[in-house]
Amino acid sequence: MAYKNIEINSSASVTQQAIKKSQFYKGFSTLTESSNTKLYDFELICQDILNHFNTRKGERVMNPGFGSDIWNFLMEPLTEEIKSMLVEDINKICTFDPRVTPIQMDLTEYESGYILELTLLLNGTDQSKNMKLAFDQNIGLIVE
């Protein structure tokens, strides 16, 4: 008669399994500033959205529609026409990612560019995340 191996999980491994199951989305960051390169859930989604905002429309090879128009209007005053175009562009970027839904968006002008305050809802949950982004003509994208 063959013996059956029985594995007994310690409480630490059970906790790790629970943590792994609670993380919907997993990815990694190539930024060298952080010692931890793993990203989960909202961290990963926010990084993907920041990458989308950091790409100027027409810059991506084989996908000229990917990216943001906001970089083309940084030197322009924020008129109602430009604001509606930028809000539409920002909304397209946020809805491009099926994992989140934008629930609040506020675009304001300052001396060197625009400030975007954005609230995203993680679909399928009640979690939301506030992002404050500054699009600066001299520095680039600043996450506050």
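Refer to the structure presented above.
Residues numbered from 1 in each chain as written. Predicted model: local features only at pLDDT ≥ 70, side-chain atom pairs only at ≥ 80, totals over all residues. Heavy atoms only, no water.

Undergrad: So what's going on with the sheet that holds strand β3 (residues 100-110)? Residues and values would help.
TA: Across the sheet, four strands lie side by side as β3-β4-β5-β6; this open sheet has antiparallel pairing. Both edges of this open sheet fall to β3 and β6 (140-143), since each of them pairs with a single strand only. For this sheet, the mean inter-axis angle between neighbouring strands, taken without regard to orientation, is 20°. Across ten bridges, β3 lies against strand β4 (residues 113-122) in antiparallel orientation. Directly across from Pro102, in β4, lies its bridge partner Leu120. Lying on the sheet, helix α3 (residues 80-96) is in contact with β3 and β4; it crosses β3 at an angle near 145°. (Pairing = 2+ DSSP bridges. Helix = DSSP H or I, 4+ residues; strand = E, 2+ residues; numbered from the N terminus. Axes fitted to C-alpha atoms, helices over the stretch in contact; angles between N-to-C directions. Contact = heavy atoms within 4.5 Å.)

Undergrad: How would you explain the pairing of strand β5 (residues 128-136) if you had to name every residue and give the values?
TA: Here nine bridges tie β4 to β5, and the two strands are oriented antiparallel to one another. In the strand pairing of β5, Ile115 is matched with Ala134. Here β4 folds back onto β5 in antiparallel fashion, the turn holding five residues, of which Gly124 has a positive phi close to 85°. One ladder, built from four bridges, connects β5 with β6; its direction is antiparallel.

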